[in-house]
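Fold and contact review
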Amino acid sequence: MNRNKGVTGPQGFRAAGIAAGIKESGALDFTLVVNDGPSDAAAGVFTTNKVKAAPVLWSQQVIQSRRLTAVVLNSGGANACTGPEGFQDTHATAEKVAEVLGTGAVDVAVCSTGLIGERLPMDRVLAGVENAAKELDSTVEAGLNAATGVMTTDSRPKQSWKASDQGFSVGGFVKGAGMLAPNMATMLSVITTDAKISGDRLDSALRQAVSRTFDRLDVDGGTSTNDTVLVLASGASGVEPSFDDFAALLTEVAGDLVKQLQGDAEGVTKEVSITVRQAATEAEAVHIGRTVAEDNLVKTALFGSDPNWGRVAMALGRADAEIDPDVLQIIINGVSLYRNGTRDRDRSEADLSGRDIEIVIDLNVGEAEATVLTTDLSHGYVEENSAYSS
């Protein structure tokens, strides 16, 4: 896995990240990604939140054709809860990109991220389109700038790229640090590939990948208004992989992006994996993992490096799933602390002083398994989110 490359890693793509003046800090806040073909297949997955931002509503419409020429993204404002005017702003942005690139607005997806409830400064957005188009390039630096231009509370850009031995590759970037929960997270991700693949197969592969990567990260239970994952295929490699081979590489790159999201979550001091084994169904395994991941008592204990298995037992026990406490086992960082209805080894044997914590829950009621990623709940998380709008 190569984290020095992102959306410009695959052949057939150019990108740019610029400072359009949306952020008062003057930081990069505007990104443009362009697919030069020869194919323009695309697919997308979006937030399940009923309060959807204008860019989500727009992009959900245009992606129905399973094709895109470009994606334009801004940070510094979510353009969510901005009424019909906000949707008109999104439409105008797509129209401007189409004008500059010589394509149609229906071939342009739009993404925004930042504070909810404020309209974007459209004079700067539209000027940003023109300026970003002038900076489009296929270099590694251009891809890094694109990944940087979407950052909000992120401390660093997050990108990944990997080539298959068959001759095609997948690359992408992601942003997100808080309001991270399944369905999908407060995050935007653009993934590119130079494989030859149809829009419908691309859609199936993306949904399969998202269900096992982006939807398995749960930092704080908050489902954003703006979540978007887009994948664009240029076909420039000339390689047409099997569905399974393509889906596997897409899932691998998406999984690496999600690990980077976890490691840069707001206030994170612990990176936690919760693996639920021997569940009745995979869906129940995921549900139990999420229930534990979102529990504040569990998360604060982990922040304090306290192997308090009782909080884990409490949290999983309230999940709507098949659970038998008399055959249950809870293992934290390799130490079995609860087994068959009572305590097992002494909790002091579980060392949680490091950054990585692994919680394994053996239900012993079936054969299904799933892993959910989360973080602790720290002072830093509370401080950062209590001052976000300022």
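None of these values were measured; they are calculated from a predicted model.

We now examine the overall build of the protein chain. Secondary structure summary: the protein chain contains 10 helices and 15 strands in total. Expected size for 390 residues packed as a compact globule is a radius of gyration near 21 Å; at 21 Å, the protein chain falls within 12% of this value. Dimensions along the principal axes, computed over C-alpha positions, put the protein chain at roughly 70 × 50 × 35 Å. Per-residue burial over the protein chain gives 55% buried out of 390 residues. Long-range contacts, defined as pairs at least 24 residues apart, comprise 79% of the intrachain contacts of the protein chain with a sequence gap of at least 6. Total accessible area on the protein chain is roughly 14,900 Å²; 45% of this is exposed by carbon and sulfur atoms. For the protein chain, the separation between the mean place of its 33 positive charges and that of its 53 negative charges on side chains is 1 Å.

If you look at the biggest cluster of nonpolar residues, it comprises 48 residues, and the most contacted ones within it are Phe 30, Leu 32, Leu 68, Val 71, Phe 173 and Leu 230. Sort the elements by how many residues they give to this core and helix 3 (residues 122–135) lands first, with five residues. Not counting the four nearest positions on each side in its chain, Leu 68 is found in contact with Asn 35, Asp 40, Ala 42, Val 62, Ile 63, Val 106, Asp 107, Val 108, Ala 109, Leu 230 and Leu 232. Listed in part, the 34 residues of the second largest apolar core include Ala 41, Leu 206, Ala 247 and Leu 373.

A word on the packing of helix 5 (residues 199–212) against helix 6 (residues 243–263). Axes are the key here: two packed helices are described by the angle between their axes and the distance separating the axes. Across the interface, helix 5 lies against helix 6 with an axial gap of 9 Å and an inter-helix angle of 45 degrees. Here helix 5 lies oblique to helix 6, going by the angle between them. Here helix 5 runs over helix 6; the crossing is right-handed. Contact residues: Arg 201, Leu 202, Ser 204, Ala 205, Leu 206, Gln 208 and Ala 209 in helix 5; Phe 243, Phe 246, Ala 247, Leu 250 and Thr 251 in helix 6. Per-class residue counts for the contact of helix 5 with helix 6 are eight nonpolar, three polar and one charged.

Attention shifts here to helix 4 (residues 140–148). Listed in full, the buried residues belonging to helix 4 are Ala 142, Gly 143, Ala 146 and Ala 147. The buried side chains of helix 4 occupy one side of the element, clustering within an arc of 140 degrees when seen end-on. In this structure, the buried residues of helix 4 make contact with strand 1 (13–18), strand 2 (30–35), strand 6 (158–163) and strand 7 (169–175).

Now for the sheet that holds strand 3 (residues 41–46). Strand order in this open sheet of five strands is 3-9-8-7-6, and the pairing throughout is mixed. Looking at the sheet topology across the chains shown, the edges are occupied by strand 3 and strand 6. Across the sheet, the axes of successive neighbouring strands diverge by a mean angle of 10 degrees, strand direction being ignored. Summarising the sheet, strand 3 and strand 9 (residues 228–233) pair through six bridges and their orientation is antiparallel. Looking across to strand 9, one finds that Phe 46 is bridged to Thr 228. Relative to the sheet, helix 4 contacts strand 6 and strand 7, its axis offset from that of strand 6 by approximately 140 degrees. Strands in contact with helix 6 are strand 6, strand 7, strand 8 (188–193) and strand 9; relative to strand 6, the strand with the most contacts, it is inclined by about 155 degrees.

Strand order in the open sheet formed by six strands is 13-12-11-14-10-15, and the pairing between neighbours is mixed. Every other strand in the sheet has two partners, leaving strand 13 (342–343) and strand 15 (368–375) as the edge strands with one partner each. Bridge count between strand 10 (residues 271–279) and strand 15: seven bridges; the pairing is antiparallel. Opposite Val 272, over in strand 15, you have Thr 374 as the bridge partner. Running at roughly 20 degrees to strand 15, helix 7 (residues 282–293) makes contact with strand 10, strand 14 (356–362) and strand 15 of the sheet.

What follows is about the UniProt feature "binding site: substrate" (unreviewed entry) in the protein chain. The feature "binding site: substrate" (unreviewed entry), as annotated in UniProt, sits at Thr 152, Lys 175, Thr 186, Glu 266, Asn 385 and Ser 390 in this numbering. Tracing the backbone shows Glu 266 in the loop between helix 6 and strand 10.

On to helix 8 (residues 296–303). Buried within helix 8 are the following residues: Val 298, Lys 299, Ala 301 and Leu 302. End-on, the buried residues of helix 8 take up no more than an arc of 160 degrees, which puts them together on one face. A distance of 3.0 Å separates the backbone nitrogen of Leu 297 from a side-chain oxygen at the start of helix 8, and that oxygen is part of Asp 295. Remark: Ser 305 follows helix 8 within two positions and exhibits a positive phi of approximately 60 degrees.

A few words on unusual backbone geometry. Glycine aside, residues mostly have negative phi, and peptide bonds are mostly found in the trans state. At the junction of Gly 37 and Pro 38, the peptide bond is cis and its omega measures out at 20 degrees in the coordinates. Structurally, the position occupied by Pro 38 is in the loop between strand 2 and strand 3. At Cys 81, a position not held by glycine, the phi torsion is positive, near 60 degrees. The topology assignment puts Cys 81 in the loop between strand 4 (70–75) and helix 2 (83–101). The phi torsion at Asn 364 lies on the positive side, around 60 degrees, for a residue other than glycine. Of note, Asn 364 is situated in the loop between strand 14 and strand 15.

Burial analysis of strand 2 places six of its six residues in the buried class, the great majority of the element. Both faces of strand 2 are covered, namely the face carrying Phe 30, Leu 32 and Val 34 and the face carrying Thr 31, Val 33 and Asn 35. With six bridges joining them, strand 1 and strand 2 adopt antiparallel strand pairing. Each bridged residue has a counterpart across the sheet, and for Ala 15 the counterpart in strand 2 is Val 33.

So, about the environment of Asp 244. Looking at the secondary structure, you find Asp 244 in helix 6. Separated by 201 residues in sequence, Asp 244 and Ala 43 have C-alpha atoms that sit 17 Å apart.

Reading the values: rules and limits
Residues numbered from 1 in each chain as written. Predicted model: local features only at pLDDT ≥ 70, side-chain atom pairs only at ≥ 80, totals over all residues. Heavy atoms only, no water. Helix = DSSP H or I, 4+ residues; strand = E, 2+ residues; numbered from the N terminus. Rg over C-alpha atoms; globule rule 2.2 N^0.38 Å. Buried < 20%, exposed > 50% of the residue type's maximum accessible area, 1.4 Å probe, protein only. Contact = heavy atoms within 4.5 Å. Areas by Shrake-Rupley, 256 points an atom, 1.4 Å probe, with all protein chains shown as cover. Lys, Arg positive; Asp, Glu negative; His and termini not counted. Charge placed at Lys NZ, Arg CZ, Asp CG, Glu CD. Core = buried A, V, L, I, M, F, W, Y, C linked by side-chain atoms within 4.5 Å. Axes fitted to C-alpha atoms, helices over the stretch in contact; angles between N-to-C directions. Parallel < 35°, antiparallel > 145°, perpendicular 65-115°, else oblique. Left-handed = near helix turned anticlockwise from the far one by under 90°. Nonpolar A, V, L, I, M, F, W, Y, C, P; charged D, E, K, R; others polar. Arc of directions from axis to C-beta. Pairing = 2+ DSSP bridges. UniProt positions renumbered as here; feature names shortened; annotations may be inferred. Polar contact = N/O pair within 3.5 Å; in protein donor to acceptor, adjacent residues only side chain to side chain.

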